[in-house]
Amino acid sequence: MNASLTLWQKYMQKSLVHKEEIFGFLIQPILWVVLFGVGMRSLFSEMLPGEGSDYITFMLPGIIALTAIDGSIGGGSTWLNERLRGMVKEYLVAPIPRLSILMGNALAIITRSVAQALLILLVGILMGVELSSNLLHWLMGLIFIFGYGLGFSGIALALASSTSSMGAYHSLIFILNLPMLFLSNALYPLFALPAWMRVAALINPTTYIISGLRQSLLQADSPLGQTEFLPLWLCFVVIAAFAALGMGLALRAFQRTVR
């Protein structure tokens, strides 16, 4: 963990140096919530009178999942850039486990994702979203974000360890990006999906982080939030398995690249 924390500190300092990166990091989730949320709220107000005002509350966990995916893609891009420039060879000289090298990058990705999630929730509160006041619920929400961020950052690092081209990496990762978001309950409730999409959504780990966040962070009396039927324990199990799978794939790909 000492090695992981050292690399985490390095990645975080690198992020804080570039003002443009900080600006994009802060403005992206705000634009998603304000522009997309307000537009969809107006649409839902016309289609479902009385429920449109609650759509921002409904979509907020989906935006948190989306920013975690985007952060993981950026972390994988950074890792691939370091590989292409030969910096990873310098890490390999150090007498530290290979997993700690990957964990340092993953922890930096998760830190940024948690910071963006808090910013999204703050914007949501300003737009009328009612969140749970139970600190235990907030802790559960952070665990969901941590586990999901760890899993998808592992997938991104695995792809970045397996390719030698930035263009190939982004092509492969965006093939995963769109299904992870749209084949889930991020923007629409599960019961409204066609049968084949519902089956795909139940296989998608994104569905489980969103369901877990809705049940933990949102007020229990939120009308659209009551559409979730996935047990909270199942959400924890799926996200924990996804985190282990993602980092396992990253470690295997990294070791294969080293050999």
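See the structure shown above.
About the cut-offs
- Residues numbered from 1 in each chain as written.
- Predicted model: local features only at pLDDT ≥ 70, side-chain atom pairs only at ≥ 80, totals over all residues.
- Heavy atoms only, no water.
- Helix = DSSP H or I, 4+ residues; strand = E, 2+ residues; numbered from the N terminus.
- Rg over C-alpha atoms; globule rule 2.2 N^0.38 Å.
- Buried < 20%, exposed > 50% of the residue type's maximum accessible area, 1.4 Å probe, protein only.
- Contact = heavy atoms within 4.5 Å.
- Areas by Shrake-Rupley, 256 points an atom, 1.4 Å probe, with all protein chains shown as cover.
- Lys, Arg positive; Asp, Glu negative; His and termini not counted.
- Charge placed at Lys NZ, Arg CZ, Asp CG, Glu CD.
- Patch = residues over 30% accessible without salt bridge, like charges linked within 9 Å, V, L, I, M, F, W, Y side chains within 5 Å.
- Salt bridge = Lys/Arg side-chain N within 4 Å of Asp/Glu carboxyl O.
- Phe/Tyr/Trp six-rings, centres within 6.5 Å; stacked < 30°, edge-to-face > 60°.
- Lys NZ or Arg CZ within 6 Å of the ring centre and 35° of its normal.
- Axes fitted to C-alpha atoms, helices over the stretch in contact; angles between N-to-C directions.
- Parallel < 35°, antiparallel > 145°, perpendicular 65-115°, else oblique.
- Left-handed = near helix turned anticlockwise from the far one by under 90°.
- Polar contact = N/O pair within 3.5 Å; in protein donor to acceptor, adjacent residues only side chain to side chain.
- Nonpolar A, V, L, I, M, F, W, Y, C, P; charged D, E, K, R; others polar.
- Core = buried A, V, L, I, M, F, W, Y, C linked by side-chain atoms within 4.5 Å.

### A few points about the overall build of the protein
And step 1. Across its full length, the protein carries 10 helices and zero strands.
And step 2. Walking the protein from its N terminus toward its C terminus, one meets helices and strands in the order α-α-α-α-α-α-α-α-α-α.
And step 3. In terms of overall dimensions, the protein is globule-like: its C-alpha atoms have a radius of gyration of 19 Å, near the 18 Å expected for 259 residues.
And step 4. Within the protein, buried positions represent 47% of all 259 residues.
And step 5. Considering only intrachain contacts with a sequence separation of at least 6, the fraction spanning at least 24 residues in the protein is 77%.
And step 6. If you sum the accessible surface of the protein, you get close to 12,200 Å²; carbon and sulfur atoms cover 70% of it.
And step 7. Side chains of the protein carry 14 positive and 11 negative charges; the gap between the two charge centres is 19 Å.

### Some words on the side chain of Ser 113
And step 1. As for its placement among the helices and strands, Ser 113 is situated in helix α5 (residues 98-126).
And step 2. Leaving out residues up to four positions away in the same chain, Ser 113 has contacts with Thr 67 and Ala 68.

### Digging into a nonpolar patch on the surface
And step 1. On the surface, a cluster of nonpolar side chains totalling about 260 Å² of accessible area is made up of Leu 31, Val 34 and Leu 35.
And step 2. Within the fold, Val 34 resides in helix α2 (residues 19-47).

### Brief notes about the packing of aromatic side chains
And step 1. Summed over all chains, the structure comprises four aromatic pairs.
And step 2. Pairing Phe 144 with Phe 236 gives two aromatic rings, centres 4.3 Å apart and planes at 20°, and the pair type is stacked. With Phe 144 in helix α6 (residues 135-162) and Phe 236 in helix α10 (residues 232-258), this residue pair connects regions lying 92 residues apart in the sequence.
And step 3. The rings of Trp 79, Tyr 91 and Phe 254 are connected pair by pair, giving a single aromatic cluster.
And step 4. In this structure, Lys 10 packs its charged tip against the face of Tyr 11, placed 4.6 Å from the ring centre.

### Digging into the packing of α6 against helix α7 (residues 166-182)
And step 1. It is the contact of α6 with α7, at a shortest axis distance of 9 Å, that shows an interaxial angle of 150°. By the angle class used here, α6 and α7 are roughly antiparallel. Between α6 and α7 lies a crossing of right-handed hand. Contact with α6, carried on its side by Tyr 148, Phe 152, Ile 155, Ala 156, Leu 159 and Ala 160, involves Tyr 169, Leu 172, Ile 173, Leu 176 and Met 180 of α7 and no other residues of that element.

### Structural notes on the environment of Asn 2
And step 1. Of note, Asn 2 is situated in helix α1 (residues 2-17).
And step 2. Separated by 94 residues in sequence, Asn 2 and Ile 96 have C-alpha atoms that sit 9.4 Å apart.

### Notes on the side chain of Ser 132
And step 1. Among the structural elements, Ser 132 can be located in the loop between α5 and α6.
And step 2. Ser 132 sits in the buried class, given a relative accessible area of 9%.
And step 3. Among the polar contacts made by the side chain of Ser 132, one reaches the side chain of His 137 at a distance of 2.9 Å.

### Overview of the packing of helix α3 (residues 55-85) against α6
And step 1. At a closest axis distance of 8 Å, the pairing of α3 and α6 adopts a crossing angle of 35°. For the element pair α3 and α6, the recorded crossing hand is right-handed. From α3, Ile 64, Ala 65, Ala 68, Ile 69, Ser 72, Ile 73, Gly 75, Gly 76, Trp 79, Leu 80 and Arg 83 reach across to α6, where they touch Ile 145, Tyr 148, Gly 149, Phe 152, Ser 153, Ala 156, Leu 157, Ala 160, Ser 161 and Ser 162.
And step 2. Of the residues contributing to the contact of α3 with α6, the split by class is 13 nonpolar, seven polar and one charged.

### Examining the nonpolar core
And step 1. Residues Trp 79, Tyr 148, Tyr 169 and Ile 209 are the most contacted members of the largest nonpolar core, which totals 69 residues.
And step 2. In terms of residue count, the dominant contributor to this core is α3 (14 residues).
And step 3. Not counting residues within four places of it along the chain, the set of residues in contact with Tyr 169 comprises Ser 72, Ile 73, Gly 76, Ser 77, Leu 80, Ala 156, Leu 159, Ala 160 and Thr 163.

### Examining the environment of Ser 133
And step 1. Mapping Ser 133 onto the fold places it in the loop between α5 and α6.
And step 2. Given a relative accessible area of 72%, Ser 133 falls into the exposed group.
And step 3. Each C-alpha atom, one on Ser 133 and one on Ile 210, is 19 Å from the other, the two residues being 77 residues apart in sequence.

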